[in-house]
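What follows is each chain in one-letter form.
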Amino acid sequence: MTDVAATSTGQAAPPSVGDGRRPPGYTLTGAVTWGGLWVFVGGLLLAVASVLLASLTTQLADGWLPRGYTTRWYTQSWTTFGLGRLLVTTVEVGVAVVAVTLAVALPTAYVLARLTFPGRRVLLLLFLVPQVVPVMTYAVPLATLVYRLRLNDTLAGIVLVNLVPAIPFAVLVLIPFVEQVDPRIEQAARVCGATNRRVFVHILGPLLVPGLLAAGVLTLVRVVGQFELTFLVSGPDSQTLVVALYGAAVQAGELASQEINAMATVYMATTLTLLLVALRVVDPTAVAARDGRSSR
């Protein structure tokens, strides 16, 4: 009777309890995916919490919780490692890399998005190489070049080596943003007498602000976390925060572990802040949607 009534009203009858069908939304794949995600997030939060607690303890204890709490390790770490200078150097390197990267990546992305020429796909494939191959495969030759140019232990040398993976990455991020701008807008502006410079500055520029923000923030996050390239060419006067943290970890037997954990907490806080800003500025689903529309 229920099936007959449902058929007559044009609505599907709800599955009965004993028909053996699972309710929608509960699948083995979904359970495994969400379970693995929560295990990963839980392990990550546990690691962060352990470092944070270790940086606040007055004395290392045998159990999980510290015997007492203090913030003096942060003051001592700030003095011992010169965290103020390290943060300034990290910001200087990041801002310089972002500025040069956007200046080069924007016209490059425009050409690749608007023009079709022989070798375009090969060029795009070459831009993918620094993103997929291990960093050390090109870090050592780059470091050798920097030492020959006598730019080691300088901000210029650190910026130079970080530009190699940063520019291709920014180009790949900007291409979908350029492709979503209707070319007829540029054609209409040129018909009205606008020069290429005015079209690029006054029309394309404002339309590409979201893409520039996305490429800039993501590039900054990558530069702050870049270790191999920076480590090979930096020195005592040009260390970034991540390189100094590695040096502190190497001296674990000579320094108080609480100081190292305090420094690690500062680094995690800096990186987390940049990631939150990146997620605020960049919507990954929107970027994926733009990429999907541009590939059709």
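Keep in mind that this is a model prediction, so the values were computed, not measured.

## Quick look at the overall build of the protein
A count of helices and strands for the protein gives 14 helices and zero strands. The N-to-C order of helical and strand elements in the protein reads α-α-α-α-α-α-α-α-α-α-α-α-α-α. When contacts within the protein are restricted to residue pairs at least 6 apart in sequence, those whose partners lie at least 24 apart make up 72%. Counting every atom, the protein has about 18,000 Å² of accessible surface; 68% of that belongs to carbon and sulfur.

## Remarks on the environment of Ala103
Assignment of secondary structure puts Ala103 in helix α4 (residues 83-114). In this structure Ala103 comes out as exposed when scored by relative accessible area, which is 55%. Between the C-alpha atoms of Ala103 and Ile167, which are 64 residues apart in sequence, the distance is 9.4 Å.

## Observations concerning the packing of α4 against helix α7 (residues 155-179)
When two helices pack together, their arrangement is given by the angle between their axes and by how far apart the axes lie. Packing of α4 against α7 brings their axes to within 6 Å, and their N-to-C directions diverge by 40 degrees. As judged from the angle between their axes, α4 and α7 are oblique. The handedness of the crossing between α4 and α7 is right-handed.

## So, the pattern of salt bridges
Applying the stated rule across the entire model yields four salt bridges. Put simply, Asp182 and Arg184 hold a salt bridge, and the shortest N to O gap is 2.7 Å. Residue classification places Arg184 among the exposed positions, given a relative accessible area of 59%. Within the structure, one salt-bridge network assembled from shared partners comprises Arg114, Glu186 and Arg190.

## What about the packing of α4 against helix α10 (residues 209-225)?
Their axes nearest at 9 Å, the elements α4 and α10 cross at an angle of 140 degrees. The angle between α4 and α10 falls in the class oblique. Here the hand of the crossing between α4 and α10 comes out right-handed. Along the contact surface, α4 presents Thr90, Val93, Gly94, Val95, Val97, Val98, Thr101, Leu102 and Leu106, while α10 presents Leu212, Ala215, Gly216, Thr219, Leu220, Val223 and Val224. Looking at side-chain class alone, the contact of α4 with α10 contains eleven nonpolar, five polar and no charged residues.

## Here's the deal with the nonpolar core
Residues Val97, Val171, Ile175, Leu208 and Leu229 are the most contacted members of the largest nonpolar core, which totals 38 residues. Every element with two or more residues in this core is listed here: α4, α5 (120-132), α6 (136-148), α7, α10 and α11 (228-233). At 14 residues, α7 tops the list of elements feeding residues into this core. Those residues within four positions of Leu208 in sequence are excluded, and the remaining contacts are Leu106, Phe177, Val178 and Val181.

## Points about a nonpolar patch on the surface
On the surface, a nonpolar cluster with roughly 680 Å² of combined accessible area is contributed by Trp34, Leu37, Trp38, Phe40, Leu44 and Val48. Assignment of secondary structure puts Trp38 in helix α2 (residues 28-56).

## Some thoughts on the packing of aromatic side chains
One pair of aromatic rings is described through two measures. These are the centre distance and the angle between the planes. Across all of its chains, the model carries four aromatic pairs by this definition. For the pair Phe227 and Phe231, a centre-to-centre distance of 5.1 Å together with 20 degrees between the ring planes defines the contact as stacked. Arranged with centres 5.3 Å apart and planes meeting at 80 degrees, the rings of Phe231 and Tyr246 form a pair that is edge-to-face. Taken together, the positions of Phe231 in helix α11 and Tyr246 in helix α12 (residues 241-250) put the pair 15 residues apart, joining distant regions of the chain. According to the relative accessible area criterion, Phe231 is partly exposed, its value standing at 35%. For Tyr246, a relative accessible area of 40% puts it in the partly exposed group. Taken together, Phe227, Phe231 and Tyr246 form an aromatic cluster joined through their ring pairs. Positioned above the aromatic ring of Phe169 is the side chain of Arg222, whose terminal nitrogen or guanidinium carbon lies 4.3 Å from the ring centre.

## Focus: the confidence of the model for the protein
Averaged over all residues, the pLDDT of the protein equals 79, while 81% of them reach at least 70. Confidence scores differ between elements of the protein, with helix α1 (residues 2-9) showing the lowest mean pLDDT of 46 and α7 the highest of 92. A low-confidence stretch, residues 1-10 stays under pLDDT 50, and its non-local contacts, those more than four residues away or across chains, total five contacts.

## Points about unusual backbone geometry
With a phi close to 60 degrees, Arg150 is a non-glycine residue in the positive phi region. Note on placement: Arg150 falls in the loop between α6 and α7. Positive phi, normally seen in glycine, also occurs at Asp153, with a value near 60 degrees. Relative to the assigned elements, Asp153 resides in the loop between α6 and α7.

Quick notes on the rules
Residues numbered from 1 in each chain as written. Predicted model: local features only at pLDDT ≥ 70, side-chain atom pairs only at ≥ 80, totals over all residues. Heavy atoms only, no water. Helix = DSSP H or I, 4+ residues; strand = E, 2+ residues; numbered from the N terminus. Contact = heavy atoms within 4.5 Å. Areas by Shrake-Rupley, 256 points an atom, 1.4 Å probe, with all protein chains shown as cover. Buried < 20%, exposed > 50% of the residue type's maximum accessible area, 1.4 Å probe, protein only. Axes fitted to C-alpha atoms, helices over the stretch in contact; angles between N-to-C directions. Parallel < 35°, antiparallel > 145°, perpendicular 65-115°, else oblique. Left-handed = near helix turned anticlockwise from the far one by under 90°. Salt bridge = Lys/Arg side-chain N within 4 Å of Asp/Glu carboxyl O. Nonpolar A, V, L, I, M, F, W, Y, C, P; charged D, E, K, R; others polar. Core = buried A, V, L, I, M, F, W, Y, C linked by side-chain atoms within 4.5 Å. Patch = residues over 30% accessible without salt bridge, like charges linked within 9 Å, V, L, I, M, F, W, Y side chains within 5 Å. Phe/Tyr/Trp six-rings, centres within 6.5 Å; stacked < 30°, edge-to-face > 60°. Lys NZ or Arg CZ within 6 Å of the ring centre and 35° of its normal. pLDDT = per-residue confidence, 0-100.

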